[in-house]
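Read off the chains here:
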Amino acid sequence: MLSERRLEVLRAIVQDYVGTEEPVGSKALTERHQLGVSPATVRNDMAALEDEGFIAQPHTSAGRIPTDKGYRLFVDKLAGVKPLSSPERRAIQNFLGGAVDLDDVVGRTVRLLAQLTRQVAVVQYPSLTRSTVRHVELLALAPARVMLVLITDTGRVEQRMVDCPAPVGETALADLRARLNSRVVGRRFADVPQLVQDLPESFEQEDRGTVSTVLATLLETLVEETEERLMIGGTANLTRFGHDFPLTIRPVLEALEEQVVLLKLLGEAEDSAMTVRIGHENAHEGLSSTSVVAVGYGSGDEAVAKLGVVGPTRMDYPGTMGAVRAVARYVGQILAES
């Protein structure tokens, strides 16, 4: 275990390196921080931190920089989550509060996260597998053509055309709408197939073909939409950190183009806790020079999706964690109210 003083020295090195982008020397540390010891003692502490792999010396410099291991200790032990200021919180509320639908909520969230953190923002759409049905609407477009509209508890709306085997009257359609909603409203998507499987048998023989066709379309919609969607923004922010990426920014950009990689990065949506993955902790090789800060969001206690940011390991962790957590909280509130 490191002594309290060496932890303080590590904290000071991380803060200075993140703030100045320059490798940190013992003289600068003693001048900028109230460490209460001589530069010689700080030099000894830095040598010990280097021996244990928490800091390293870039080849050309006399100063030291944190390693992935050093950042990990900083995040786990030394960094609190920095709360946002009142004006920042108000700005988030006003900006997200103006959203008109789910796509708009996700789009605004991506832009907001990218602006607040000056990193790349990634927001996963609420997963239908973890959503519940708010309402199913059936609208007659022609005698044998119906539009099915599925609305989820997170505000997601899916529309499908249904070509029925015979003309459907308004009374029969209203009856189907009422019976269908009485079974599925408030229920999880995963439970819907079982809830509606015997529904056609409760109708007259001549209506069963239409009921079965409508249900088949509904179930297809549920299956199709289980694939995860996400939105990414702020990629241009990475160009400000060119020197933070050892060789070139290209592997990072290529990794960010792969949806599967991003979904793995964000992690399982059920896990709503804040996760911070640093450098080589990211399995994808192209992201070994980046850190990922992610958290679950949702209406109520259960997370329905994840959001987060990707940036260089030289990141303001307390500020980034605070911004990601605050935005997730506000998005959850908006989904609960929508």
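Relevant structure appears above.
Computed from a prediction, not measured in an experiment: that's the story for all the values here.

Quick look at the sheet that holds strand 9 (residues 290-297)
- Spatial strand order, 7-3-10-9-8: five strands in an open sheet with antiparallel pairing. The open sheet has two edge strands with one neighbour each: strand 7 (230-233) and strand 8 (275-278). Strand-to-strand twist across the sheet, computed as the mean angle between neighbouring axes with direction ignored, equals 15°.
- Inspection of the sheet shows strand 8 paired to strand 9 by four bridges, in the antiparallel sense. Bridge assignment links I278 to a residue of strand 9, and that residue is S291.

With respect to the packing of helix 5 (residues 86-97) against helix 12 (residues 317-337)
- One can describe the packing of helix 5 onto helix 12 by two numbers: an axis separation of 10 Å at closest approach and a directional angle of 40°. As the angle between them shows, helix 5 and helix 12 are arranged oblique. Between helix 5 and helix 12 lies a crossing of right-handed hand. The residues of helix 12 that touch helix 5, namely those facing R89, I92, Q93, L96 and G97, are A326, V327, Y330, V331 and I334.

Quick look at the pattern of salt bridges
- Within the structure shown, the criterion is met by 17 salt bridges.
- Between E158 and R160 there is a salt bridge, and its shortest N-O distance comes to 3.7 Å. Like E158, the residue R160 is buried in the burial classification.
- In this structure, the salt-bridge partner of E170 is R177, at a minimum N-O distance of 3.9 Å.
- Taken together, the shared-partner salt bridges in this structure form one network comprising R5, R6 and D45.

Overview of the layout of surface pockets
- A volume near 590 Å³ is recorded for the largest pocket.
- Together, 22 residues line the largest pocket, and Y17, I65, P66, H243 and D244 are the ones closest to its centre.
- Secondary-structure elements contributing two or more residues to the lining of the largest pocket are strand 2 (65-66) and helix 4 (68-78).
- Three or more residues apiece are contributed to the lining of the largest pocket by two domains, here domain 1 (4-78) and domain 2 (86-126 + 228-337).

A short note on the packing of aromatic side chains
- In total, this model carries one aromatic pair according to the counting rule given.
- For the pair Y71 and Y317, a centre-to-centre distance of 5.6 Å together with 50° between the ring planes defines the contact as tilted. Remark: Y317 occurs in helix 12 and Y71 occurs in helix 4; sequence separation between them is 246 residues.
- A relative accessible area of 0% places Y317 in the buried class.
- In this structure, K69 is placed above the aromatic ring of F54, and the distance from its NZ or CZ to the ring centre is 4.6 Å.
- When the ring centre of Y17 is taken as origin, the NZ or CZ atom of R314, which lies over that ring, is 6.0 Å away.

Describing the sheet that holds strand 5 (residues 145-152)
- Sheet architecture is open: three strands sit in the order 4-5-6, paired in antiparallel fashion. Every other strand in the sheet has two partners, leaving strand 4 (133-142) and strand 6 (157-163) as the edge strands with one partner each. On average, each strand axis in the sheet is inclined to that of its neighbour by 20°, with strand direction left out of account.
- In this sheet, strand 6 lies alongside strand 5 in antiparallel orientation, the contact comprising seven bridges. Bridged to R145 within strand 6 is D163.

Some thoughts on the packing of helix 4 against helix 12
- For the pair helix 4 and helix 12, interaxial distance at closest approach is 11 Å and the crossing angle is 55°. With respect to each other, helix 4 and helix 12 are oriented oblique. When the axes of helix 4 and helix 12 are compared, the crossing they make is right-handed. Only Y317, P318 and M321 of helix 12 make contact with helix 4, whose side of the interface consists of Y71, F74 and V75.

Concerning the nonpolar core
- With 57 residues, the main nonpolar core has L29, Y297, L307 and Y317 as its most contacted residues.
- It is helix 12 that contributes the most residues to this core, 11 residues altogether.
- Taken domain by domain, this core gets at least three of its residues from each of domain 1 (4-78) and domain 2 (86-126 + 228-337).
- Residues V136, L138, V162 and L199 belong to the second largest nonpolar core, which totals 24 residues.

Rules and cut-offs
- Residue positions within a chain follow its written sequence, with the count starting from 1.
- Per-residue local features are limited, in this predicted model, to residues with pLDDT of at least 70; the limit for side-chain atom pairs, both in listing and counting, is 80 or more; totals at the level of whole chains, interfaces and linings are taken over all residues.
- Hydrogens and waters are ignored; side-chain quantities use all the structure's heavy atoms.
- Pairing between strands is defined by DSSP: at least two bridges between the two strands are required.
- Here a strand is any run of E in DSSP of at least two residues, a helix any run of H or I of at least four, and the numbering for each starts at the N terminus.
- To get an axis, a line is fitted to the C-alpha atoms, and for a helix only the part in contact is used. The angle between two axes follows their N-to-C directions and goes from 0 to 180 degrees.
- Here the angle decides the label: under 35 degrees means roughly parallel, over 145 means roughly antiparallel, 65 to 115 means roughly perpendicular, and every other value means oblique.
- Crossing handedness follows the turn of the near helix against the far one: under a right angle anticlockwise gives a left-handed crossing, and clockwise gives a right-handed one.
- Residues are treated as being in contact if the distance between any of their heavy atoms lies within 4.5 Å.
- One side-chain nitrogen of Lys or Arg within 4 Å of one carboxyl oxygen of Asp or Glu is enough to make a salt bridge.
- Classification of residues uses two cut-offs on accessible area relative to the type maximum, computed with a 1.4 Å probe and protein chains only: under 20% is buried, over 50% is exposed, and between them is partly exposed.
- Here the term cavity refers to a set of points on a 1 Å grid, laid over the protein atoms alone, in which a 1.4 Å probe fits but cannot get out; the term pocket refers to an open set having protein on both sides within 12 Å along at least five of seven lines, with lining residues being those that place an atom within 4 Å of a point.
- Grid points are joined across faces, edges and corners, and a volume is the space filled by probe spheres set on the points.
- For each domain, the first and last residues come from an automatic or database assignment.
- Pairing of aromatic side chains here covers Phe, Tyr and the six-membered ring of Trp, requires ring centres within 6.5 Å, and sorts the geometry by plane angle: under 30 degrees stacked, over 60 edge-to-face, intermediate tilted.
- By definition, being over a ring means that NZ of Lys or CZ of Arg is both within 6 Å of the ring centre and within 35 degrees of the ring normal.
- The nonpolar core is taken to be a set of buried Ala, Val, Leu, Ile, Met, Phe, Trp, Tyr and Cys residues, with the residues joined through side-chain atoms within 4.5 Å.

Treat this as a map of the structure, not an account of what it does.
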